[in-house]
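Structure assessment
Listed below, chain by chain, are the residues.
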Amino acid sequence: MNDFTDGYWTSRDGLQLHYRDYPGRADRPPVLCLPGLTRNARDFEELAQRLAGEWRVICVELRGRGDSAYAKDSATYNPLQYLEDLGELFDQAGLTRVVAIGTSLGGLLTMLLAATAPQRLAGALLNDIGPEVNPEGIERIRNYVGQARNFPTWMHAARALAESQGPTFPNASLTDWLAMAKRCMVVGSNGRIHFDYDMKIAEPFAQADGASNVDMWPAFEALAGRPVTLLRGALSDVLTPATFKQMAKRLPEAETVTVPKVGHAPTLSEPAAMAAINQLLARIA
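First, a word on scope: everything that follows refers to the structure included in this document. Per chain, residues are indexed from 1 in the order of the written sequence. With pLDDT at 70 or above as the cut-off, local features in this predicted model cover only qualifying residues; side-chain atom pairs require 80 or more to be listed or tallied, and sums for whole chains, interfaces and linings still use all residues. The side-chain figures draw on all heavy atoms in the structure; neither hydrogens nor water molecules are used.

1. Describing the side chain of H264
By the criteria applied, helices consist of DSSP H or I runs no shorter than four residues and strands consist of E runs no shorter than two, each listed in order from the N terminus. Topologically, H264 is positioned in the loop between β11 (255–259) and α10 (271–284). You can call H264 buried: its relative accessible area is 11%. At a separation of 2.9 Å, a polar atom in the side chain of H264 contacts the side chain of S104. Of note is the side chain of H264, whose polar atom sits 2.5 Å from the side chain of D128. In this analysis, two residues are considered to be in contact whenever any of their non-hydrogen atoms come within 4.5 Å of each other. Ignoring any residue separated from it by four or fewer positions in sequence, one finds H264 in contact with S104, D128, R140, I141, T168, S236, D237 and V238. Summary of the burial criterion: residues with accessible area below 20% of their type's maximum are buried, those above 50% are exposed, and those between are partly exposed, where the area comes from a 1.4 Å probe applied to protein chains only. What qualifies as a polar contact is a pair of N or O atoms within 3.5 Å, subject to a donor-acceptor requirement within protein and to the restriction that residues adjacent in sequence count only when both atoms come from side chains.

What follows is the structure in structure tokens.
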């Protein structure tokens, strides 16, 4: 029941892009999981296995991540291109309406979907992201994205993650870090372990000014009129408490949940996050 099939679609510039497709009921909109900047479909594996059967779950890999093809032009690693790619996914996979669960960059894409194709969203969850992004969090991410580090063993990889991201998940065990390493890294052709994305995604991200010149509040407010859940990690340096409070004010019908003892971004396996997702889907079902 919880096995997935590999699905593929083609971008307008000819890239073969990949998603995991977990089967579920045909009388409900699929759950579309959109990952963060450097992440892939494996981030949602636990969630997808939990929901599969009752809900069809589609876990997308954006261009340059996981089993999706790398772009020939690094300038295409930008949100508007990802949005165009998602439009092709809807058309080619025959999707009409979905429940979007977007982590970080995936949440920004969810807001852009609401602004440009609102009829395609049956509901949404934004995971630790909002219309305004804290510059300190952006700077922290800039400092590690695109560093082509590699490791001889999974244990080395896990310890490196623990060292660099320890403040984000202060209660994580070495087992947790090992699981995280296997979600975001792969074994390369040379036998060493490396991050599972095109290092060139860092190039346009390094040049962008944290999206500070783009007013995302209208896109966020376009989520109104459907079930929405706003999730924030209590220790997040990307989504500030002030922005989170403003989001709740501007979208008063949304459920707001703070996930304790984690930063950017909750893994969605935390009890508070799982309960929030269950409640969102119950409203849609």
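Next comes the rest of the description.
2. Section: the environment of R28
Locating R28 in the fold gives a position in the loop between β2 (16–22) and β3 (31–34). In this structure the C-alpha to C-alpha distance between R28 and V99, which are 71 residues apart in sequence, comes to 9.4 Å. With residues up to four places along the chain from it excluded, the contact list for R28 reads E54, W55 and A285. A polar side-chain atom of R28 sits 3.2 Å from a polar atom in the side chain of E54.

3. With respect to the packing of aromatic side chains
Pairing of aromatic rings covers Phe, Tyr and Trp, the last through its six-membered ring, and needs centres within 6.5 Å; plane angles under 30 degrees mean stacked, over 60 mean edge-to-face, and all others mean tilted. The final tally for this structure, using the stated rule, is five aromatic pairs. With 5.3 Å between their ring centres and 50° between their planes, F4 and Y22 make a pair best called tilted. Residue F4 is found in the segment before β1 (5–10), and its partner Y22 is found in strand β2; the two are separated by 18 residues along the sequence. Here F4 falls in the partly exposed class, since its relative accessible area comes to 30%. Here F195 and Y197 contribute two aromatic rings whose centre-to-centre distance is 6.1 Å and whose plane-to-plane angle is 50°, an arrangement assigned as tilted. Geometrically, a charge over a ring is one whose NZ (Lys) or CZ (Arg) sits within 6 Å of the ring centre while staying within 35 degrees of the ring normal. In this structure, R28 is placed above the aromatic ring of W55, and the distance from its NZ or CZ to the ring centre is 4.7 Å. Sitting above the plane of the W217 ring, R250 keeps its charged end 4.1 Å from the centroid.

4. Description of unusual backbone geometry
The linkage connecting H264 with the following residue, A265, adopts the cis geometry, with an omega of 0°. Structurally, the position occupied by A265 is in the loop between β11 and α10. The phi torsion at S104 lies on the positive side, around 55°, for a residue other than glycine. By secondary structure assignment, the location of S104 is in the loop between β5 (98–103) and α3 (105–116). Relative accessible area serves as the criterion here: at 12%, S104 is assigned to the buried category. The phi torsion at K261 lies on the positive side, around 65°, for a residue other than glycine. Relative to the elements of secondary structure, K261 occurs in the loop between β11 and α10.

5. A word on the sheet that holds strand β4 (residues 57–61)
Only when DSSP finds a minimum of two bridges between them are two strands counted as paired. Taken in spatial order, the eight strands of this open sheet run β1-β2-β4-β3-β5-β6-β10-β11, and their pairing is mixed. Both edges of this open sheet fall to β1 and β11, since each of them pairs with a single strand only. Averaged over all pairs of adjacent strands, the angle between their axes in this sheet comes to 20°, without regard to strand direction. Of the pairings in the sheet, the one linking β3 to β5 comprises four bridges and is parallel in character. Following the sheet pairing, L34 is matched in β5 by G102. Lines are fitted to the C-alpha atoms to define the axes, a helix being fitted only along its stretch in contact, and any angle between axes, read from their N-to-C directions, falls within 0 to 180 degrees.

6. What about the pattern of salt bridges?
Two side chains carrying opposite charge are able to pair once their charged atoms lie near each other. In the sections that follow, a salt bridge refers to a side-chain nitrogen of Lys or Arg positioned within 4 Å of a carboxyl oxygen of Asp or Glu. Per the stated rule, a full pass over the model turns up 16 salt bridges. For D43, the salt bridge goes to R39, with nearest N and O atoms at 3.0 Å. Notably, a salt bridge pairs D43 with R183, separated by 3.7 Å at the nearest N-O pair. Separated by 140 residues along the polypeptide, D43 in the loop between β3 and α1 (45–51) and R183 in helix α6 (residues 174–184) bring together distant segments of the chain. Exposure class is identical for D43 and R183. Each is buried. Because the salt bridges share partners, they merge into one network encompassing R25, D27, R28 and E54.

The values reported here are purely geometric and, on their own, carry no functional implication.
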